[in-house]
Structure formats: structure tokens, C-alpha cells
Amino acid sequence: MPHPFRSLNFLALLLAGALALSLGLNGFLLYNRAPAAADYEDLQETEADLRLTQRLLARCQADHQQQDSLLALRPALPRALPTATAVAQ
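Note that this is a predicted model, so its numbers are computed, not measured.

What counts, and at which threshold
- Residues numbered from 1 in each chain as written.
- Predicted model: local features only at pLDDT ≥ 70, side-chain atom pairs only at ≥ 80, totals over all residues.
- Heavy atoms only, no water.
- Helix = DSSP H or I, 4+ residues; strand = E, 2+ residues; numbered from the N terminus.
- Buried < 20%, exposed > 50% of the residue type's maximum accessible area, 1.4 Å probe, protein only.
- Areas by Shrake-Rupley, 256 points an atom, 1.4 Å probe, with all protein chains shown as cover.
- Patch = residues over 30% accessible without salt bridge, like charges linked within 9 Å, V, L, I, M, F, W, Y side chains within 5 Å.
- Salt bridge = Lys/Arg side-chain N within 4 Å of Asp/Glu carboxyl O.
- pLDDT = per-residue confidence, 0-100.
- Lys, Arg positive; Asp, Glu negative; His and termini not counted.
- Charge placed at Lys NZ, Arg CZ, Asp CG, Glu CD.

1. Some words on the overall build of the chain
Then step 1. Helix and strand content of the chain: three helices and zero strands.
Then step 2. Going residue by residue from the N terminus, the α and β elements of the chain occur as α-α-α.
Then step 3. Within the chain, the fraction of its 89 residues that count as buried is 0%.
Then step 4. Accessible surface computed for the chain: about 9,000 Å², of which carbon and sulfur atoms make up 65%.

The structure is reproduced here in C-alpha cells:
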């Protein structure tokens, strides 16, 4: 019969290994992230493009809502309009 402490030691060792691996990976990712922040100009340009796109999208949506509300106020057209060939006969 295996000792309960033996399986507990294995689980503790496995947990410690996972923790060490996690800390090592997080440290590595944080260390490598710093040079990416040096490209601040591109980030500002991208953010400006995003803001411009958001403003244009909001304006486009407002125009469409106004157009839809104007179409709702317009009286309904008759179902069938006479064509030139039907009038000539």
C-alpha cells in the first residue's frame, strides 16, 4: 500500500514545478515586452486612425438613421404605376 505522504510529495513537487514554470514564463514575457513600447509613434498614429474611423462611422450611422426617419414620413406609393406601353394602348 503506497504511503499517502509519497503521493502528497509528488503533488507538491508538481505544483512547485508548475509555479516555477509560470513565474519564469511571466518574467520572460514581461522582459521582452519593454522594447515593443519603444515604438510609440506608430501607436499614436494607429490610435489617431482609429479615432478618425470611429468618428466617420458615427457620422455615417447618424446619416442613415436620419434617412430612415425621412423615409418613414414619406407617404406610401401606389403598388402599380402605369407604364408608357400600358398608357399608349
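This is not the end of the story, as more comes after the structure.
2. Some details on a nonpolar patch on the surface
Then step 1. Together, Phe 10, Leu 11 and Leu 14 make up a nonpolar patch on the protein surface, roughly 330 Å² of accessible area in all.
Then step 2. Following the sequence through the fold, Leu 11 ends up in helix α1 (residues 4-33).

3. Details of the pattern of salt bridges
Proximity of charged atoms lets side chains of opposite charge pair with each other.
Then step 1. Evaluation of the coordinates by the stated rule reveals one salt bridge.
Then step 2. Glu 47 serves as the salt-bridge partner of Arg 51, at 3.4 Å between the closest nitrogen and oxygen. Of this pair, Arg 51 and Glu 47 both sit in helix α2 (residues 40-73), four residues apart, which is roughly one turn of the helix.
Then step 3. Note on Glu 47: relative accessible area 41%, which makes it partly exposed.

4. Structural notes on the confidence of the model for the chain
Then step 1. With 72% of its residues at a pLDDT of at least 70, the chain reaches an overall mean of 81.
Then step 2. Element-level mean pLDDT values for the chain span from 59 in helix α3 (residues 84-88) up to 89 in α1.

5. Describing a negative patch on the surface
Then step 1. A cluster of acidic side chains, namely Asp 39, Glu 41, Asp 42, Glu 45 and Asp 49, defines a negative patch on the protein surface.
Then step 2. For Glu 45, the location among the structural elements is in helix α2.
Then step 3. For Glu 45, a relative accessible area of 51% gives the class exposed.

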